[in-house]
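Each chain is listed here by its residues.
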Amino acid sequence: MTRLDSTVSETNLLSRHVRAGKVYRREDLLAYSASLDRELQRLVASGEFRKLAQGLYYKPKKNVFGEVPPDEKDLLAAFLRDKNFLSFNPSVYNSLRLGTTQLYNKTVVYNHKRHGQFKLGNRTYDFRVKHRFPKPVQVTPEFLLVDMLNNLSDLAEDETEILGHAQRKLASFDQKLLKKMLSEYGSAATRRRVGGWLEQPGVASLMAEHD
């Protein structure tokens, strides 16, 4: 077998074992080529693979409209080497109807491993290390309220106005769940602020009615 034949054989082997639409780390592919970096470089140059970040690759999947971007959950899990994370756009706070109106072009990722802004493919993600955060299916309005208050200074909003809305509408949230979210995920400042609101006689009576 010539050197060219060997190179083609390795490239074909690697290509055959990589499924279209899936994200891979370099170490996931080591078993399929004795000269992996050279083969990856060749596949990226040919357009068969996309390099999303250092050591992170994607074999594009195509439909009638063209190339399909990688699934975000798969992309983040591969980057973090961990499926335990919570990703969201801060615009989700608008669903609380507490006066926030801004639309944000970014994705925040709570996780246990990486902190900082990283570009993956064509998008930049804001990774934040958190000791605790709920699973995506466990995200409730009560968690979003606590998380919004935790991050209020980072939002392009009128803080005084948002705090006023939050205090006035506090009774509309599930009392037990709010206290649980506050205890588990609230910053010290958020716990003090909401704790003070809850102790006010008018709010306490309304909360009791909604309990």
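Please read these numbers as outputs of a predicted model, since none were measured by experiment.

K.L.:
Help me understand the sheet that holds strand S2 (residues 50-53) in this model?
P.N.:
Strand order in the open sheet formed by three strands is S1-S3-S2, with antiparallel pairing between adjacent strands. With one partner strand each, in any of the chains shown, strand S1 (23-25) and S2 form the two edges of the open sheet. Averaged over all pairs of adjacent strands, the angle between strand axes in this sheet comes to 35 degrees, irrespective of strand direction. Across three bridges, S2 lies against strand S3 (residues 56-58) in antiparallel orientation. Note on S3: the bridge partner recorded for Arg50 is Tyr58. Packed onto the sheet, helix H3 (residues 72-80) meets S1, S2 and S3 and runs at close to 5 degrees relative to S1.

K.L.:
Quick question: what am I supposed to make of the packing of aromatic side chains here?
P.N.:
Two descriptors summarise a pair of aromatic rings, namely the distance from one centre to the other and the angle between the planes of the rings. In total, this model carries seven aromatic pairs according to the counting rule given. With a centroid separation of 5.2 Å and an interplanar angle of 75 degrees, the aromatic rings of Phe88 and Tyr110 are classed as edge-to-face. Placement of the pair is Phe88 in strand S6 (residues 86-88) and Tyr110 in strand S7 (residues 107-111), with a sequence separation of 22 residues. Comparing Phe88 with Tyr110, the two get one shared label, buried. Here Tyr125 and Phe127 contribute two aromatic rings whose centre-to-centre distance is 6.2 Å and whose plane-to-plane angle is 50 degrees, an arrangement assigned as tilted. The rings of Phe79, Phe118, Tyr125 and Phe127 are connected pair by pair, giving a single aromatic cluster.

K.L.:
Before we go on, may I ask you to explain the environment of Asp74 in this structure?
P.N.:
With respect to the secondary-structure elements, Asp74 resides in helix H3. Using a relative accessible area of 39% as the deciding quantity, one classes Asp74 as partly exposed.

Conventions and cut-offs
Residues numbered from 1 in each chain as written. Predicted model: local features only at pLDDT ≥ 70, side-chain atom pairs only at ≥ 80, totals over all residues. Heavy atoms only, no water. Pairing = 2+ DSSP bridges. Helix = DSSP H or I, 4+ residues; strand = E, 2+ residues; numbered from the N terminus. Axes fitted to C-alpha atoms, helices over the stretch in contact; angles between N-to-C directions. Contact = heavy atoms within 4.5 Å. Phe/Tyr/Trp six-rings, centres within 6.5 Å; stacked < 30°, edge-to-face > 60°. Buried < 20%, exposed > 50% of the residue type's maximum accessible area, 1.4 Å probe, protein only.

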